[in-house]
Amino acid sequence: GQSLEQPSEVTAVEGAIVQINCTYQTSGFYGLSWYQQHDGGAPTFLSYNGLDGLEETGRFSSFLSRSDSYGYLLLQELQMKDSASYFCAVKDQAGTALIFGKGTTLSVSS
Amino acid sequence: DSGVTQTPKHLITATGQRVTLRCSPRSGDLSVYWYQQSLDQGLQFLIQYYNGEERAKGNILERFSAQQFPDLHSELNLSSLELGDSALYFCASSALGGGDPNTGELFFGEGSRLTVL
């Protein structure tokens with residue numbers, strides 16, 4: 001089956017850069033996704049990596065290395081509003097449902 | 001606003017009871033996914049429906065069942081409720097069976113918070 005590992009908590013200060021790592025084990029691989037969730041609200045899609053390399057979307061970037069079964073989410077110029085939980089996710093073996101990691105809680109302080 | 005609607009937003013009930021959670025997907029989306037999020041837990045995949053048919057099953061208990069109706073809305077039925085069933089239940093939708101064709105993106109509703117006392 002699919003499994004993902006990510007740190008449970010990360011802390012940083014405003015303006016800093018933080019990296020949230022994710023390692024995965026999958027039977028079949030269809031790419032790595034990242035979602036953000038504020039205080040138990042609806043998870044929202046942040047980024048997707050289907051191929052190796054870096055994808056950049058504004059202050060957020062995501063990286064994938066398929067050979068290492070590893071990816072990370074990079075958040076730059078941190079703001080207080082970035083305090084949230086961040087989940088990495090992969091598709092299930094059939095490529096249909098999304099399986100999530102347990103999430104990383106990011107706390108940004110001033 | 002993702003366009004996915006879940007009702008009720010909050011629900012408090014007692015052990016042994018049965019509840020039904022409802023989800024209306026985004027207009028045009030054929031696939032519905034149900035997830036459970038307990039305290040300090042990630043999003044646990046329960047079940048997926050595509051155009052009325054069950055497509056994938058995750059860690060869904062036998063006490064739980066779901067269906068997707070011809071109008072594409074879905075219901076998650078939770079029975080013989082236990083204290084441990086207290087959680088946020090999210091519904092997500094996508095146009096196709098595997099999420100967005102390019103990114104696999106799912107669109108989540110705001111969730112239904114179930115409290116079992």
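Before any of the text, the structure's been laid out above.
Predicted model only: the values in this text are computed from it and were never measured.

Asker: Can you break down the packing of aromatic side chains residue by residue, with the values?
Answerer: Here the structure, examined in full by the defined rule, presents 14 aromatic pairs over all chains. Relative to Phe100 of chain A, the ring of Tyr35 of chain A lies with its centre 5.3 Å away and its plane at 70°, an arrangement referred to as edge-to-face. Of this pair, Tyr35 of chain A sits in strand β4 (residues 32-37) while Phe100 of chain A sits in strand β10 (residues 98-100), placing them 65 residues apart in sequence. Here Tyr35 of chain A and Phe100 of chain A have matching classes, each one buried. Residues Tyr35 of chain A and Phe108 of chain B carry aromatic rings whose centres are separated by 6.0 Å and whose planes lie at 80° to one another, so their mutual orientation is edge-to-face. Residue Tyr35 of chain A is located in strand β4, and its partner Phe108 of chain B is located in strand β10 (residues 107-108); the two belong to separate chains. One aromatic cluster is present, formed by Tyr35, Phe45, Phe87 and Phe100 of chain A together with Tyr35, Phe45, Phe90 and Phe108 of chain B through successive ring pairs. One Lys or Arg, Arg26 of chain B, reaches over the ring of Phe107 of chain B and ends 3.6 Å from the middle of that ring. For Arg55 of chain B, the ring lying beneath its charged end belongs to Tyr50 of chain B, and the centroid distance is 4.6 Å.

Asker: Give a detailed account of the interface of chain A and chain B, specifying residues and quantitative values.
Answerer: Counting from both sides, the interface comprises 20 residues of chain A and, opposite them, 22 residues of chain B. Together, the buried faces of chain A and chain B total about 1600 Å²; carbon and sulfur atoms form 60% of this surface. By the criterion of area lost to chain B, the three top residues of chain A are Pro43, Thr96 and Phe100 of chain A, representing 28% of everything that side buries. Where chain A packs against chain B, one counts 0 salt bridges. Across the chain A-chain B interface, the total number found is 4 residue pairs in polar contact (both at pLDDT 80 or more). For the side of chain A that touches chain B, the residue count by class is 10 nonpolar, 7 polar and 3 charged.

Asker: Report on the sheet that holds strand β6 (residues 53-57) of chain A, specifying residues and quantitative values.
Answerer: Residues and elements named next belong to chain A. Pairing is antiparallel in the open sheet, where 5 strands are placed in the order β1-β3-β8-β7-β6. Both outer strands of the open sheet, β1 (3-5) and β6, are each paired with one neighbouring strand and no more. Each adjacent strand pair in this sheet contributes to an overall mean axis angle of 20°, direction not counted. Inspection of the sheet shows strand β3 (residues 18-25) paired to strand β8 (residues 70-75) by 6 bridges, in the antiparallel sense. From the neighbouring strand, Val18 faces β8, where its bridge partner is Leu75.

Scoring rules and cut-offs
- The written sequence of each chain sets the order in which its residues are numbered from 1.
- Ligands are numbered from 1 and chains lettered from A, in the order in which they are written.
- Reporting of local features is limited, given that this is a predicted model, to residues whose pLDDT is at least 70; pairs of side-chain atoms are given and counted only at 80 or more, and all residues count toward the totals for whole chains, interfaces and linings.
- Hydrogens and water are ignored here; the side-chain numbers use all heavy atoms of the structure.
- By convention, a stacked pair of Phe, Tyr or Trp rings (six-membered ring in the case of Trp) has centres within 6.5 Å and planes under 30 degrees apart, an edge-to-face pair has planes over 60 apart, and any other such pair is tilted.
- Here a helix means four or more residues in a row that DSSP labels H or I, a strand means two or more in a row labelled E, and each is numbered from the N terminus.
- Exposure categories follow from relative accessible area, calculated using a 1.4 Å probe and restricted to protein chains: below 20% of the type maximum is buried, above 50% is exposed, and the middle band is partly exposed.
- Our definition puts a charge over a ring when NZ of Lys or CZ of Arg is within 6 Å of the ring centre and also within 35 degrees of the ring normal.
- Two residues form a contact once any of their heavy atoms are found within 4.5 Å.
- As a working definition, buried area equals the accessible area (1.4 Å probe) given up by two parts on being put together, with both sides summed.
- The term salt bridge refers to a side-chain nitrogen of Lys or Arg lying within 4 Å of a carboxyl oxygen of Asp or Glu.
- Under this definition, polar contacts are N or O atom pairs within 3.5 Å; protein pairs additionally need one hydrogen-donor-capable and one acceptor-capable atom, and for neighbouring residues in sequence, both atoms have to be side-chain atoms.
- Just so you know the grouping, Ala, Val, Leu, Ile, Met, Phe, Trp, Tyr, Cys and Pro go in nonpolar, Asp, Glu, Lys and Arg go in charged, and all remaining residues, Gly too, go in polar.
- The criterion for strand pairing is that DSSP finds at least two bridges linking the strands in question.
- Lines fitted to the C-alpha atoms define the axes, with helices restricted to the stretch that makes contact. Angles between their N-to-C directions range from 0 to 180 degrees.

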